[in-house]
Amino acid sequence: MPEMPEKPPTPASESSWWLPKRHESAGVARRVLRAFLAGRPGGERFLDSGELVLGELVANSVLHAKTPPGRLILVRLDLRPDSLRIEVHDADGSRPRAPRSAAESEETGRGLLLVSRLASDWGCRPRASGIGKAMWALIGTGDPT
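Below is a summary of the structure that appears in this document. Model, not experiment: these values are computed from the prediction.

**Structural notes on the overall build of the protein**
A count of helical and extended segments in the protein gives 3 helices and 5 strands. Secondary structure elements of the protein occur, N-terminal to C-terminal, as β-α-α-β-β-α-β-β. Classification of the 145 residues of the protein by burial places 39% in the buried group. Of the roughly 9,000 Å² of accessible surface on the protein, a fraction of 54% belongs to carbon and sulfur atoms.

Okay, structure coming up:
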């Protein structure tokens, strides 16, 4: 009896990994996102906004999360047919301040404003483990609302 050809495996729609709390981690996260989206049909639609949003969320965690030495940052991606969900988890339970307009002379302070403009939805929730928070953003194929 002839063998049935194997169906090629469908690429996983989810990915997660741990990053150290270092300035370089935002760049590492963007590179991993590029590789993740490149291996999935239609993933390129979310690349530009996804890179900016992920970079900002990781940078905010690195810069602002008050955590003990050695704590890591968890990044999760979930690619859906019409959106990309990005999550960045850290061990600091304090919620971020609302997006604000930074003065032209300020070099920081625009991260969450950028996230709010590029994501169709975003927010912060406590982690299921009870320790820390998860910042999340949804990148859709349409215009952000």
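**Some thoughts on helix α1 (residues 25-38)**
End to end, α1 covers 20 Å across 14 residues, agreeing with the expected 20 Å (1.5 Å per residue, within 8%). Tucked into the core, α1 has its buried residues touching β1 (14-20), α2 (47-64), β2 (72-80) and β3 (83-90).

**As for the side chain of Glu51**
Looking at the element boundaries, Glu51 is found in helix α2. At a separation of 2.2 Å, a polar atom in the side chain of Glu51 contacts the side chain of Arg34. In this structure, Glu51 is in contact with Arg30, Leu33, Arg34 and Phe46, ignoring residues within four places of it in sequence.

**A closer look at the pattern of salt bridges**
Per the stated rule, a full pass over the model turns up 5 salt bridges. The closest approach of N and O atoms between Glu51 and Arg34, which form a salt bridge, is 2.2 Å. One end of the pair, Glu51, is in helix α2; the other, Arg34, is in helix α1, with 17 residues separating them in the sequence. Given a relative accessible area of 36%, Arg34 falls into the partly exposed group. The shortest N-O distance in the salt bridge between Glu87 and Arg85 comes to 2.9 Å. Pair check on accessibility: Glu87 and Arg85 agree, each one buried.

**A short note on the sheet that holds β2**
Hydrogen bonds between backbone groups are what pair the strands of a sheet, and the pairing can be parallel or antiparallel. The 5 strands lie next to each other as β1-β2-β3-β5-β4, forming an open sheet whose pairing is antiparallel. Lying at the two open borders of the sheet, with one neighbouring strand each, are β1 and β4 (121-126). The average undirected angle you get between the axes of adjacent strands in this sheet is 15°. Here β1 pairs with β2 via 7 bridges, running antiparallel. Bridged to Leu19 within β2 is Ile73. Lying on the sheet, α1 is in contact with β1, β2 and β3; it crosses β1 at an angle near 160°. Its contacts with the sheet put α2 on β1, β2, β3 and β5 (133-140), and the angle it makes with β3 is roughly 10°.

**Looking at the environment of Ile73**
Position of Ile73 relative to the elements: it lies in strand β2. Here Ile73 falls in the buried class, since its relative accessible area comes to 2%. Ile73 sits 17 residues away from Asp90 along the chain, and the two C-alpha atoms are 5.1 Å apart. Non-local contacts of Ile73, meaning those with residues more than four positions away in its chain, are made with Trp17, Trp18, Leu19, Pro20, Lys21, Val58, Ser61, Val62, Val88 and His89.

**Side note on the nonpolar core**
Ranked by size, the top nonpolar core spans 27 residues in total, and within it Leu54, Leu57, Val58, Val75, Leu77, Leu84 and Ile86 carry the most contacts. Ignoring sequence-local partners within four residues, the contact set of Leu54 consists of Ala29, Arg30, Leu33, Val75, Ile86 and Val88.

What counts, and at which threshold
Sequence order sets the numbering: in each chain, residues are counted from 1 along the sequence as written. Two thresholds apply to this predicted model, a pLDDT of at least 70 for residue-level local features and 80 or more for giving and counting side-chain atom pairs, whereas whole-chain, interface and lining totals are computed over all residues. Side-chain metrics rest on all non-hydrogen atoms present in the structure, leaving aside hydrogens and water. A run of DSSP states H or I qualifies as a helix once it reaches four residues; a run of E qualifies as a strand once it reaches two. Both are numbered from the N-terminal end. Note on classification: 1.4 Å probe, protein chains only; a residue is buried when its accessible area is under 20% of the maximum for its type, exposed when over 50%, partly exposed between these limits. Each accessible area is a Shrake-Rupley estimate made with a 1.4 Å probe; only the visible protein chains count as cover when residues are assessed. By this rule the span expected of a helix is its residue count minus one, scaled by 1.5 Å. Any two residues whose heavy atoms approach within 4.5 Å at even a single point are treated as in contact. Think of a polar contact as two N or O atoms within 3.5 Å of one another; within protein, one of them needs to be a possible hydrogen donor and the other a possible acceptor, and neighboring residues in sequence only count if both atoms come from side chains. A side-chain nitrogen of Lys or Arg and a carboxyl oxygen of Asp or Glu constitute a salt bridge if their distance falls within 4 Å. Pairing between two strands requires that DSSP report at least two bridges joining them. Helix axes are fitted to C-alpha atoms over the stretch in contact, other axes to C-alpha atoms as well, and angles between N-to-C directions run from 0 to 180 degrees. Among buried residues, the Ala, Val, Leu, Ile, Met, Phe, Trp, Tyr and Cys ones that are joined through side-chain atoms within 4.5 Å form a nonpolar core.

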